[in-house]
Amino acid sequence: MRKVVSGLFVSLDGVAQSPDHWQFAFDEEMGAALAGTLETCDTILLGRVTFTEWAGYWPTVANGEDAGFAQWINKSPKHVVSSTLDSVDDWSNSTLIKGDPAAAVKELKAGEGKDITVAGSPTLVRSLLEQDLLDELVLLIHPVVASEGRKKLFANDAQLKKLELVSAQPTSSGVIIAAYRSVC
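All of these numbers come straight from a predicted model, not from anything done at the bench.

Student: Just to check I follow, could you spell out helix α5 (residues 122–130) for this structure?
Tutor: Side chains of residues three or four places apart in an α-helix project in the same direction, reflecting 3.6 residues per turn. Those residues of α5 lying buried are L124, V125, R126, L128 and L129. Looking one or two places after α5, you find D132, whose phi comes out positive at around 60°.

Following this line, the structure appears as structure tokens:
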């Protein structure tokens, strides 16, 4: 069975929204960790906000340092979880998940292929974790307090959820890459 894996940038105070505003460094170790996704995953899950933001950018990238990731994400199948979008036709290889998102994710997990990655989409990550559909959560924890009213990965009233540490690696810029799996 395929695994669903998420990698998120997060601040020390748990903020996952708008990392482009508080992420001050991107080092080789972080790049290597994220590049691993390109090798182990061939399908992408996206929430509405991330899809809308990324659909306006990634299809336009043809060269430069982002070209490799752009080529990978543009050709990979993308499944978008949204109750408000009517269409995802503006980005090739995108499919709108209609109906029960949990059932759609279970079907994807049972299908053929490599693992499935959740790109950005902290609300979707939270939902998948709550429903025991997220197999691995990789947090790239930045040494910064970002709050300023930004959304955190987990709400203050989130239910108790036990996770098991799979690995932890500090990077040269002070980021900690920590991988967790759910303990059912």
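Picking up where we left off.
Student: What am I meant to see in helix α3 (residues 67–75) here?
Tutor: All of the buried residues along α3 are A67, A70, W72, I73 and N74. Against α1 (28–40), β2 (41–47), α2 (48–55), β3 (78–81) and β5 (115–119) lie the buried residues of α3.

Student: So what exactly am I meant to see when it comes to the nonpolar core here?
Tutor: One broad rule of soluble globular proteins: the nonpolar side chains tend to lie buried together. Counting 24 residues, the largest nonpolar core has V4, L45, V118, V125, L128, L134 and L139 as its most contacted members. At the level of elements, β1 (4–11), α4 (101–110), β5, α5 and β6 (136–142) are the ones that each hand at least two residues to this core. Once residues lying within four places of it in the same chain are set aside, the contact partners of L134 are V4, V5, S6, V118, V125, L128, L129 and S182. Within the second largest apolar cluster, 15 residues are counted, among which are C41, F51, A55 and L96.

Student: Even after reading the chapter, I still don't get the packing of aromatic side chains, so can you show me in this structure?
Tutor: A ring pair, where both rings are aromatic, is described by two values, the distance of the centres and the angle of the planes. In this structure the tally under the stated criterion is seven aromatic pairs. Taken together, a centroid distance of 6.4 Å and an interplanar angle of 75° make the contact between F9 and F26 edge-to-face. You can see F9 sitting in strand β1 and its partner F26 sitting in the loop between β1 and α1, a full 17 residues away along the chain. With a centroid separation of 6.3 Å and 75° between ring planes, the pair formed by W54 and W58 is classed as edge-to-face. Its relative accessible area of 10% is what places W58 among the buried residues. In this structure an aromatic cluster arises from ring pairing among W54, Y57, W58, F69 and W72. Between K78 and the ring centre of W91, over which it is positioned, the NZ or CZ distance is 4.8 Å.

Student: Explain unusual backbone geometry here, please?
Tutor: Excluding glycine, residues mostly carry a negative phi; peptide bonds, for their part, are mostly trans. Located in the positive-phi region is N93, a residue other than glycine, with phi close to 65°. Summarising the element assignment, N93 is placed in the loop between β3 and β4 (94–97). Residue class for N93 comes out partly exposed when judged on its relative accessible area of 42%. Not every positive phi belongs to a glycine, and S121 is a case in point at roughly 55°. With respect to the secondary-structure elements, S121 resides in the loop between β5 and α5.

Student: What am I meant to see in the pairing of strand β7 (residues 163–170) here?
Tutor: Along any regular strand, the residues point their side chains to alternate faces of the sheet. As paired strands, β7 and strand β8 (residues 176–182) are joined by seven bridges and run antiparallel to one another. Its bridge partner being in β8, L163 is matched across the sheet by S182. Hairpin geometry of β7 and β8 is characterised by an intervening segment of five residues between the two adjacent antiparallel strands and by a positive phi of about 95° at G174.

Student: Explain the sheet that holds β6 to me, please; I cannot follow it from the model alone.
Tutor: In any sheet, the strands associate via hydrogen bonds between backbone groups, in a parallel or an antiparallel arrangement. Read from one edge of the open sheet, eight strands run β4-β3-β2-β5-β1-β6-β8-β7, paired in mixed fashion. Lying at the two open borders of the sheet, with one neighbouring strand each, are β4 and β7. The sheet shows a mean angle of 25° between the axes of neighbouring strands, direction not considered. Sheet analysis places β1 next to β5, joined by four bridges and oriented parallel. The residue of β5 that forms the bridge with V5 is T117. In the packing of α3 onto the sheet, the strands contacted are β2, β3 and β5, and the crossing angle to β2 comes to about 80°.

Analysis parameters
- Residues numbered from 1 in each chain as written.
- Predicted model: local features only at pLDDT ≥ 70, side-chain atom pairs only at ≥ 80, totals over all residues.
- Heavy atoms only, no water.
- Buried < 20%, exposed > 50% of the residue type's maximum accessible area, 1.4 Å probe, protein only.
- Helix = DSSP H or I, 4+ residues; strand = E, 2+ residues; numbered from the N terminus.
- Contact = heavy atoms within 4.5 Å.
- Core = buried A, V, L, I, M, F, W, Y, C linked by side-chain atoms within 4.5 Å.
- Phe/Tyr/Trp six-rings, centres within 6.5 Å; stacked < 30°, edge-to-face > 60°.
- Lys NZ or Arg CZ within 6 Å of the ring centre and 35° of its normal.
- Pairing = 2+ DSSP bridges.
- Axes fitted to C-alpha atoms, helices over the stretch in contact; angles between N-to-C directions.

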